[in-house]
Amino acid sequence: MLRVSAEPVARHASHADIPLFAGQEALLDVADTWNLVPHVTKSSDLPHQMGSAGPMDAHVYALLKGMSADGRERSAPVVLWENTKGDFAGGRWLFVNQPLGDAFAARGGWAALAGWARFCARGVTELWLKPSYAVYEAHERPLLRLQAQALGRGGAAADGLKQKWTFDLRVERETKDQDGTEEPFRLTLSEKVGRELDVWRIPVPLDVQSGFYRASCRAESDNGEVRYLRQGFWGADPALLAEGAPIRAGRDYFEQDGRPLPIVGMTYMTSDVARKFLFLPNVSVWDRDMAQMRRAGINWIRTGIWTAYRNIMQVDGHVSEDALRAIDAFLLTAKKHGLQVTFTFFSFTPETWEGVNPYLDPRSVEAQKRFIRSIVGRHRETKHVDWDLINEPSMFDPVRIFSDGPRSSRDPFERAAFAEWLERRHGTIDRLRERWSMTPGELPDFASAAIPEPEQINFDVQDMHSGKKGTRWLDYALFSMDMHNRWARELVATIKDLCPDHLATVGQDEALGAQRPSPFFYGEEVDYTTVHSWWLNDQLLWDGVFAKTADKPNVVQETGIMYVETPEGLAKRSEQELKSLLERKYAYAFAAGGAGAIHWIWNTNFYMDNANESHIGALRADGTEKPEADVSYDFGAFIEASRDLFKGRALEDVAVVFPYTNDLSNRKLAFDATTKLTRVLSYELNVPFRGVSEYDLKPLLEEPAKLIVLPSAHNVDDAAFAQLLDIVGRTGATLLVTGPAGLDAYWRHTNRLAETLGARKPANVVREERLAVGGKRYPVSYGSRRIAQVAKEVPADAADSGADVMVDVFYGMGRILWCPLPVELNDRVEPIAALYEHALETAGYKPALEWLEGGGLPGVYGRKLSFADGALYVFVSEYAYDTPVRVKDAASGATYSFLLERERSVLFAVDREGRLTAVYRPGETTVQTDVGA
């Protein structure tokens with residue numbers, strides 16, 4: 001349970017569809033209450049598929065809601081659980097989650113309490129109203145199904161008696177040319193409901209027209225219980241789907257109808273049945289939820305098929321019409337509310353459809369293409385949808401997803417593709433043997449190159465119990481990146497063949513540093529890149545910077561807060577702390593040059609055997625809004641007010657090369673090096689930077705940087721290093737290289753840069769080193785296992801000078817600064833900061849923002865993003881105390897002062913003269929400006 005504050009609550013309201021508390025709203029005082037976190041199942045529908053839902057054994061309703069003054073549902077002091085399956089089937093549990101108060105009895109509380117008890121004692125009668133399709137074509141006749149079953153263990157049902165229910169059913173179509181609706185159909189029927197399921201088919205004698213139809217039913221039992229059932233369906237409306245133009249992807253942001261569209265998004269799979277929404281569609285629920293999301297300022301939703309692909313296409317090439325029409329209805333509903341939709345086809349690994357490798361078996365890939373064409377082909381003229389091939393892909397084995405690196409499916413297709421790839425990369429078998437340290441007997445030809453398992457690779461300095469050939473892991477990791485791209489290329493081509501103006505992407509998680517498909521690799525095959533920021537809460541800026549390619553937008557496409565608990569099993573974070581963390585994730589998404597953020601998820605999905613899922617969502621399981629929902633409202637308002645600013649973003653003058661060769665090798669240090677760099681540059685020195693891939697350095701030639709940093713890479717690809725040097729010589733950039741500069745991709749020492757830096761030899765670091773920078777000496781410490789993990793280079797014949805000396809040499813039009821020590825991997829911040837400050841000064845870097853107050857505090861982040869017509873300022877606190885901040889814009893001379901609250905974010909937009917145009921959370925944040933300063 002988590003405490004729910006009553007601070008935003010102004011009054012109570014009863015549940016509209018289960019009006020047990022109608023007229024009793026004032027019985028309870030407005031007070032703090034509790035959020036019950038349900039975990040209602042220990043089963044999974046598809047145990048072999050990660051993310052599969054479980055049975056819907058319980059349904060949760062907020063019978064009494066705490067309403068804010070602006071009409072938002074903020075708390076649920078009274079909650080009903082109805083158990084429909086499993087051990088507790090038929091049981092009703094009503095929770096009053098706050099003290100009743102002194103005035104409860106005087107307000108008639110004891111009589112009401114008796115009524116609540118009678119309501120629970122009757123047990124559950126499960127009622128459903130469902131259309132046969134979620135969309136009907138023009139002139140088709142709708143068919144509704146009403147089903148009922150008395151599940152309660154007491155009362156008449158326990159004696160085998162049937163109870164009479166009266167159902168007042170109506171179907172009405174929303175009109176486009178006038179306010180309100182027209183009511184074309186109404187029916188009343190009375191039926192007996194007993195212990196066994198009864199289903200009544202109700203043909204609706206109407207020729208369907210285009211538009212949205214509401215179906216509602218007032219159900220009343222002979223003992224006075226009242227329930228409202230709400231459903232909906234669409235009359236096919238191709239004209240609505242075809243309105244407008246598809247979004248475009250610019251370099252940094254999306255455009256909609258000629259205007260920038262920074263994303264304030266939400267993942268949505270419906271609040272009633274979660275991931276079963278394509279099999280149990282309720283368009284009325286979607287309409288309600290999407291209207292609520294749009295009011296919150298959300299402009300983009302992400303949905304799709306996370307599991308149960310075979311339920312949609314059991315037979316290869318034959319897709320269920322029910323599911324296809326549900327997808328159509330979802331897109332129509334989103335269009336009605338002005339929401340862009342990202343639709344995801346697969347998760348983790350794509351479905352194989354009787355194949356053996358989800359990415360490489362032609363049988364599997366062809367089936368996937370038929371599956372995708374069946375969906376996309378219905379939306380050639382739809383303008384508000386883009387397509388996500390797969391959520392968080394892992395390579396290759398479906399059983400071993402989320403591994404730290406690729407895992408083989410051990411099939412002939414993968415073995416053949418690997419052998420072919422190796423020959424193309426290495427050219428000769430002799431070269432491959434040399435790089436893998438193998439003999440002709442171990443590796444007679446390319447076809448004999450076995451795909452390695454992790455157990456066969458020496459990932460650690462102490463991993464020497466048996467002889468392992470570790471350098472081949474780099475090739476297998478690079479191979480997996482290429483094979484993912486090959487697969488993505490085929491599926492994107494399938495989409496573009498049908499809808500050339502629709503965008504396509506891949507939705508990847510925090511795979512950067514985990515040797516899984518990364519945006520800097522798959523970016524060339526898609527229209528925009530993504531990152532899902534979940535566990536790495538200390539690396540949120542790093543996550544965004546190294547997912548943003550030079551030429552395409554990057555979206556923090558899935559973000560939220562994983563559940564963490566105390567040793568006794570209670571929630572560790574309060575709802576307010578969760579809100580603040582989510583707010584920081586959104587702020588960092590924009591600070592990293594990203595196109596926006598999409599929250600996971602609108603409604604909590606507790607129909608999974610996963611306690612973590614029961615905690616995640618903008619809405620609680622009872623349907624009321626958490627404080628997290630405020631982030632959507634606040635960012636939605638701010639982005640809508642400032643969206644036209646997001647044009648012509650100026651690129652950062654500092655660029656950092658992500659050392660992928662090292663990161664994909666058997667001794668990866670890149671994560672530690674680049675995350676430490678991010679902390680020092682962005683927080684200690686307040687210097688923004690952009691990321692670039694070691695394997696794609698062309699952006700540094702097209703958009704030169706003043707300073708380029710290659711941090712503690714150790715092993716670097718020869719061709720990449722040569723290209724980097726060429727860029728430095730041609731553009732006049734300053735290149736800072738830390739650590740060994742002579743190790744090739746397979747960890748062999750070379751004479752690289754010998755003519756420039758002199759002859760060098762490898763050496764081990766010791767626990768305490770010393771670095772000389774700019775005439776000063778700094779201690780450099782390698783604690784714990786670092787002295788075994790890292791190395792340095794020293795001059796081949798130089799005398800001991802008492803310190804490792806930073807080397808400064810000219811190179812063509814540019815300059816090279818070489819630090820012999822892998823300084824980012826040491827324990828101290830001071831030598832890193834001193835080295836970076838020297839490099840920035842050497843490169844002629846000029847900050848866009850001058851910190852007058854607050855800039856020296858740990859965990860206080862801030863930057864300016866410059867645009868053609870103004871600027872966006874982003875400040876984030878990871879600091880334990882509220883702190884005043886005062887900054888000066890170097891271009892306009894304007895100063896800005898404000899209070900940065902602990903763990904919160906402050907954002908504001910200004911015009912070209914520095915005048916404020918929009919403030920994030922204007923009711924809570926005051927930004928004082930002096931434009932003439």
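See above for the structure.
A brief report on the enclosed structure follows. (Residues numbered from 1 in each chain as written. Predicted model: local features only at pLDDT ≥ 70, side-chain atom pairs only at ≥ 80, totals over all residues. Heavy atoms only, no water.)

1. Considerations on the packing of aromatic side chains
Part 1 of the reasoning: Scanning the entire structure with this criterion turns up 65 aromatic pairs.
Part 2 of the reasoning: Measuring from ring centre to ring centre gives 4.5 Å for Phe606 and Tyr607, while their planes differ by 50°; the resulting arrangement is tilted.
Part 3 of the reasoning: What makes Phe606 buried here is its relative accessible area of 5%.
Part 4 of the reasoning: Using a relative accessible area of 4% as the deciding quantity, one classes Tyr607 as buried.
Part 5 of the reasoning: One aromatic cluster in this structure is built from Tyr359, Phe396, Phe418, Trp421, Trp436, Phe459, Trp473, Tyr476, Phe479 and Trp487.
Part 6 of the reasoning: Directly above the ring of Tyr61 sits Arg227, whose terminal nitrogen or CZ lies 5.2 Å from the centroid. (Phe/Tyr/Trp six-rings, centres within 6.5 Å; stacked < 30°, edge-to-face > 60°. Buried < 20%, exposed > 50% of the residue type's maximum accessible area, 1.4 Å probe, protein only. Lys NZ or Arg CZ within 6 Å of the ring centre and 35° of its normal.)

2. Re helix H1 (residues 109-122)
Part 1 of the reasoning: Compared with the 20 Å implied by 1.5 Å per residue over 14 residues, the 20 Å span of H1 between its first and last C-alpha is a close match.
Part 2 of the reasoning: Residues of H1 that are buried: Gly109, Ala112, Gly115, Trp116, Phe119 and Cys120. Along the long axis of H1, the arc covered by the buried residues comes to 135°, so they all point the same way. Exposed side of H1, more than 90 degrees from the buried face: Trp110, Ala111, Arg118 and Ala121 are the residues found there.
Part 3 of the reasoning: Residues of H1 that are buried make contact with strand S5 (73-83) and strand S6 (92-96).
Part 4 of the reasoning: Gly123, located one to two residues past H1, shows a positive phi value of around 80°. (Helix = DSSP H or I, 4+ residues; strand = E, 2+ residues; numbered from the N terminus. Expected span 1.5 Å × (residues − 1). Arc of directions from axis to C-beta. Contact = heavy atoms within 4.5 Å.)

3. Brief notes about the environment of Ala58
Part 1 of the reasoning: By the element assignment, Ala58 lies in strand S4 (residues 58-67).
Part 2 of the reasoning: In contact with Ala58, not counting residues within four places along its chain, are Val40, Glu82, Asn83, Phe606 and Tyr607.

4. Considerations on the sheet that holds strand S32 (residues 776-781)
Part 1 of the reasoning: Strands sit in the order S32-S31-S34 across an open sheet of three strands; the sheet is mixed. The sheet terminates laterally at S32 and strand S34 (804-805), the two strands that pair on one side only.
Part 2 of the reasoning: Two elements, strand S31 (residues 768-773) and S32, share six bridges in a ladder whose sense is antiparallel. Its bridge partner being in S32, Glu768 is matched across the sheet by Ser781.
Part 3 of the reasoning: Here helix H21 (residues 830-843) sits on the sheet in contact with S31 and S32, set at roughly 135° to S32. (Pairing = 2+ DSSP bridges. Axes fitted to C-alpha atoms, helices over the stretch in contact; angles between N-to-C directions.)

5. Some remarks on the layout of surface pockets
Part 1 of the reasoning: One number sums up the size of the second largest pocket: a volume of about 1000 Å³.
Part 2 of the reasoning: Around the second largest pocket, the lining comprises 49 residues; the ones closest to its centre are Phe520, Glu524, Ser693, Tyr695 and Asp696.
Part 3 of the reasoning: Every element with two or more residues in the lining of the second largest pocket is listed here: helix H8 (412-426), helix H10 (472-498), helix H11 (519-522), strand S27 (690-693), helix H17 (698-702) and helix H18 (718-731). (1 Å grid on protein atoms, 1.4 Å probe; cavity = no way out; pocket = protein on both sides within 12 Å on 5 of 7 lines; lining within 4 Å. Points joined across faces, edges and corners; volume = space filled by probe spheres on them.)

6. Considering the pattern of salt bridges
Part 1 of the reasoning: Enumeration according to the criterion identifies 81 salt bridges in this entry.
Part 2 of the reasoning: A salt bridge links Arg259 to Asp644, with the shortest nitrogen-to-oxygen separation between them at 2.9 Å. Taken together, the residues Arg259 in strand S17 (residues 259-260) and Asp644 in the loop between helix H14 (629-642) and strand S26 (654-658) connect sequence positions 385 residues apart.
Part 3 of the reasoning: Looking at Arg259, the relative accessible area reads 32%, which means it is partly exposed.
Part 4 of the reasoning: On the accessibility criterion, Asp644 (39% relative accessible area) is partly exposed.
Part 5 of the reasoning: With a closest N to O distance of 2.4 Å, Asp460 and Arg785 form a salt bridge. With Asp460 in the loop between helix H9 (429-436) and H10 and Arg785 in the loop between S32 and helix H20 (786-789), the pair connects residues that are 325 residues apart, well separated along the chain.
Part 6 of the reasoning: By relative accessible area, which is 32% here, Arg785 ends up partly exposed.
Part 7 of the reasoning: Connected via shared salt-bridge partners are Arg251, Asp252, Lys548, Arg649, Glu652 and Arg863. (Salt bridge = Lys/Arg side-chain N within 4 Å of Asp/Glu carboxyl O.)

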